[in-house]
Amino acid sequence: MITIDSQRLWHSLMELAELGAYDDTATGLVGVNRQSLTDADAAGRRLLIGWMRDAGLDVTVDELGNIFGLREGLEPALAPVVIGSHIDSVATAGAFDGCLGVLGGLEVVRSLNDADARTRRPLVVAAWTEEEGIRFGTDMLGSAVAAGRLTLEYAYDLVDADGLRLGDELVRIGFKGDRPVRLDPPYAYVECHIEQGPVLAGQGFAVGVVTGVQSISWQHVTLHGRAAHAGTTPTELRVDAGLAAAQVVVHLREMVASGKYGQLRATVGRLQTFPGVPSVVPDRAELTVDLRNPDDALMAAAEADLAAYLEALPVLRVDTRRMARTTMVPFDPKIQEAIATTADELGIPTMRLMSGAGHDAQELAAITPTAMVFVRGQYDGISHNPREYSTPEDCAAGVTVLANTAVRLASS
Ligand code: HGY
Ligand code: MN
Ligand code: MN
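What you are looking at is a predicted structure, and each value in this text was computed from that prediction instead of being measured.

A. Representation of the packing of aromatic side chains within the structure. Per the counting criterion, the structure on display carries five aromatic pairs. With a centroid separation of 5.5 Å and 85° between ring planes, the pair formed by Phe-68 and Trp-128 is classed as edge-to-face. One end of the pair, Phe-68, is in strand S4 (residues 67–71); the other, Trp-128, is in the loop between strand S6 (123–127) and helix H4 (141–146), with 60 residues separating them in the sequence. The class for Phe-68 is buried, based on a relative accessible area of 2%. One aromatic cluster in this structure is built from Trp-10, Phe-96 and Tyr-389. In this structure, Arg-45 is placed above the aromatic ring of Phe-175, and the distance from its NZ or CZ to the ring centre is 5.0 Å. Its end group placed over the ring of Tyr-379, Arg-387 keeps NZ or CZ at 5.5 Å from the ring centre.

The structure is reproduced here in structure tokens:
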């Protein structure tokens, strides 16, 4: 049984959270804004690599900036067990989303070093590029390319809101590595992550065994109206793109409330009108639509409903662009069982639950048996908000389960 150093884990989490720290006026807290391939992310990457090297890991960086720290096993030729997550963040993040999984993986290595223990299989700690997808528009990007769902060229050509190209930003921060991006299938992949929702806290569990990830649909929608004078233009002569955008937001909430689409969740995270001045009726509105659904058929029905609604809007033209789309991904029952059995042997009660958020694990599941360990969040599990918080005890419980599950798998 491997014991981890909870203080060392916590200290690493708090130190990494300083990179990209900002004063969040909405909450009065210090948040984290460490978006992928920014200088803050580059600093976080360098800090992580330094820690990996201090822990004796052989560090490689692939063509998309995915970072791997290899700990050799007694039988180096065997396929490794990979444990990881991401250290890029959304613009209003806390200290835990993604980081708990990467630094938890590092803590597993540090603890094995302390115990002078060697696993049969190699262990690899991974940090995936652009998991959040909020800078370049496609989430789980680094892991999706590594696992083969998306191409490297697609990733390189993504641009951010300022027109900066992902491939160029990778070069600029010095993280365009030469390790081929397509990952040889590991023996298994296990990711530890905060739940980012209220289920574990509501049911009284510190740790959860994740059964799968719900489907995700991201679209960018542009509504074209006609610019006109706000004072002289009679209402009946207007083609108001701003009004149409507001109608889309309300319709999405009505779709959710209708119950027709099961546990659909819908979010318009970005909404901009143009030219964006007081006395001109908007001639363009741009918005992002994020749909989530644990049921693929109901997700498809919701997307069809939205498409029909957009078509019928009183505007001149509607343009839609697909940003991201993943189906519901079930996790491997054997890996789930390994996590649950390990937690049981540790005397840590667990429950099974579906993930509401997307994770790199859903991409790795395409090439290797995969599952996740969830850690309870406080304050209804709020996340993508600086109030995101998990106690040192709960983080330690989750990483202890991760460590002993990884050792269990790396010994088989
Ligand atoms: O969007 C998500 O669910 C994750 O935070 N990338
Ligand atoms: Mn995450
Ligand atoms: Mn996230």
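Now, onward.
B. Layout of the coordination of the manganese ion (ligand 3). Taken together, Asp-97 (OD), Glu-132 (OE), Glu-132 (OE) and His-384 (NE2) make up the full set of protein donors to the manganese ion (ligand 3), lying 2.2 to 2.6 Å away. Along the chain, the residues donating to the manganese ion (ligand 3) are arranged with the sequence spacing D-x34-E-x251-H. Between the manganese ion (ligand 3) and the manganese ion (ligand 2), a spacing of 3.5 Å is present, and a bridge between the two is formed by Asp-97. Residue Asp-97 is located in the loop between strand S5 (81–85) and helix H3 (99–114), and its partner His-384 is located in the loop between strand S18 (370–375) and helix H12 (392–411); the two are separated by 287 residues in the primary sequence.

C. Structural context of the packing of H3 against H12. At a closest axis distance of 9 Å, the pairing of H3 and H12 adopts a crossing angle of 60°. When the interaxial angle is binned, H3 and H12 end up oblique. For the pair H3 and H12, the sense of crossing is right-handed. Mapping the contact onto sequence places Leu-100, Gly-104, Gly-105, Glu-107, Val-108 and Leu-112 in H3 and Cys-395, Val-399, Leu-402, Ala-403 and Val-407 in H12.

Definitions and cut-offs
Residues numbered from 1 in each chain as written. Chains lettered and ligands numbered in written order. Predicted model: local features only at pLDDT ≥ 70, side-chain atom pairs only at ≥ 80, totals over all residues. Heavy atoms only, no water. Phe/Tyr/Trp six-rings, centres within 6.5 Å; stacked < 30°, edge-to-face > 60°. Helix = DSSP H or I, 4+ residues; strand = E, 2+ residues; numbered from the N terminus. Buried < 20%, exposed > 50% of the residue type's maximum accessible area, 1.4 Å probe, protein only. Lys NZ or Arg CZ within 6 Å of the ring centre and 35° of its normal. Donors = N, O, S within 2.8 Å, 3.2 Å for Na, K, Ca; no water. Axes fitted to C-alpha atoms, helices over the stretch in contact; angles between N-to-C directions. Parallel < 35°, antiparallel > 145°, perpendicular 65-115°, else oblique. Left-handed = near helix turned anticlockwise from the far one by under 90°. Contact = heavy atoms within 4.5 Å.

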